[in-house]
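Chain and residue survey
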Amino acid sequence: MMTLDTEPTRQQLDDRSFWDNLPPDGAEYDGFAYSPIYSILSDDEPIDFKTDDGKTLINSFPYELAVKEMQRLSKQRDNITLKITGYSQSLVRMDRRLTA
């Protein structure tokens, strides 16, 4: 995960080009992570993930988990791809924010 030199401005966070230029696993600044969210596709269509009792799960993953799931599914299906379908800003390290 890349570390940003400065805190992203509200204007940058609202601009899709900011998110598109992040590395696949995102970036961090002062305890906050800024990351793309990926969906897993089969033949360019989103895959439905279901629990054992039939509940549908959301097809949205951070990069590392999406890659692992894609590798697992590639053994069962052909033409598995990833697509950025959203973006996330989250607090990842509270301790750094308290000492900053």
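Everything that follows concerns the structure shown earlier in this document.
Since the model is a prediction, treat every value here as computed from it, not as a measurement. Within each chain, residues carry numbers counting from 1 in the order of the written sequence. Totals for whole chains, interfaces and linings use every residue, but because this is a predicted model, local features are given only for residues with pLDDT of at least 70 and side-chain atom pairs only at 80 or more, for both listing and counting. Side-chain numbers here rest on the full set of heavy atoms in the structure, without hydrogens or water.

Brief notes about the pattern of salt bridges
- Throughout this description, the term salt bridge denotes a Lys or Arg side-chain nitrogen within 4 Å of a carboxyl oxygen of Asp or Glu. Taken as a whole and judged by the stated rule, the model has four salt bridges.
- Across the pair aspartate 14 and arginine 10 runs a salt bridge, and its minimum N-O distance is 3.5 Å. With aspartate 14 and arginine 10 both in helix α1 (residues 10–14) and four residues apart, the pair spans about one turn of that helix. Of the two residues, aspartate 14 and arginine 10, both sit in the exposed class.
- Between arginine 72 and glutamate 69 there is a salt bridge whose closest N-O contact spans 2.3 Å. Taken together, the residues span about one helical turn, with arginine 72 and glutamate 69 both in helix α3 (residues 63–74) at a distance of three residues. Under the scheme used here, helices are H or I runs from DSSP no shorter than 4 residues and strands are E runs no shorter than 2 residues, and both carry numbers assigned from the N terminus. For every residue, the accessible area (1.4 Å probe, protein chains only) is compared with the maximum for its type, and the residue is labelled buried under 20%, exposed over 50%, or partly exposed between those bounds.

Some details on the packing of aromatic side chains
- For this analysis, a ring pair means two rings from Phe, Tyr or Trp (six-membered ring only for Trp) whose centres lie within 6.5 Å, classed as stacked if their planes differ by under 30 degrees, edge-to-face if by over 60, and tilted for the remaining angles. By the definition in use, this model includes six aromatic pairs.
- An aromatic cluster of at least three residues, connected via ring pairs, comprises Phe18, Trp19, Tyr34 and Tyr87.

Side note on α3
- Residue count minus one, scaled by 1.5 Å, sets the expected span of a helix. An ideal rise of 1.5 Å per residue puts 16 Å on 12 residues; α3 measures up with 16 Å between its terminal C-alpha atoms.
- Within the span of α3, buried status applies to Ala66, Glu69 and Leu73. Projected down its long axis, α3 shows its buried positions confined to an angular sector of 70°, all on one face. For α3, the exposed residues set more than 90 degrees away from the buried face come down to Glu64 and Lys68.
- Two residues qualify as a contact provided that any one of their heavy atoms is within 4.5 Å of a heavy atom in the partner residue. On its buried face, α3 sits against β3 (32–42), β5 (49–50) and β7 (80–91). Directions pointing from the helix axis toward each C-beta atom define the arc.

Section: the nonpolar core
- To form a nonpolar core, buried Ala, Val, Leu, Ile, Met, Phe, Trp, Tyr and Cys residues must be joined to one another through side-chain atoms within 4.5 Å. Residues Tyr38, Ile40, Ile47, Phe49, Phe61, Ala66, Leu73 and Ile80 constitute the largest nonpolar core, which totals eight residues.
- Where this core is concerned, the elements lending two or more residues are β3 and α3.
- Once you skip the residues sitting within four places of it in the chain, leucine 73 turns out to touch Ile40, Ile47, Phe49 and Ile80.
- Core analysis: the next-biggest nonpolar cluster, separate from the first, contains seven residues, Leu4, Trp19, Leu22 and Tyr34 among them.

Structural notes on the environment of serine 39
- By the element assignment, serine 39 lies in strand β3.
- For the pair serine 39 and threonine 81, spaced 42 residues apart in the sequence, the C-alpha separation amounts to 8.5 Å.
- Not counting residues within four places of it along the chain, the set of residues in contact with serine 39 comprises Asn59, Ser60, Thr81, Leu82, Lys83 and Thr85.
- A distance of 2.6 Å separates a polar atom in the side chain of serine 39 from the backbone oxygen of asparagine 59.
- Polar contact is the term for a pair of N or O atoms within 3.5 Å; when the atoms are in protein, one must be able to donate a hydrogen and the other to accept it, and sequence-neighboring residues count only if both atoms are side-chain atoms. In terms of polar contacts, serine 39 uses its side chain to reach the side chain of threonine 85, at 3.1 Å.

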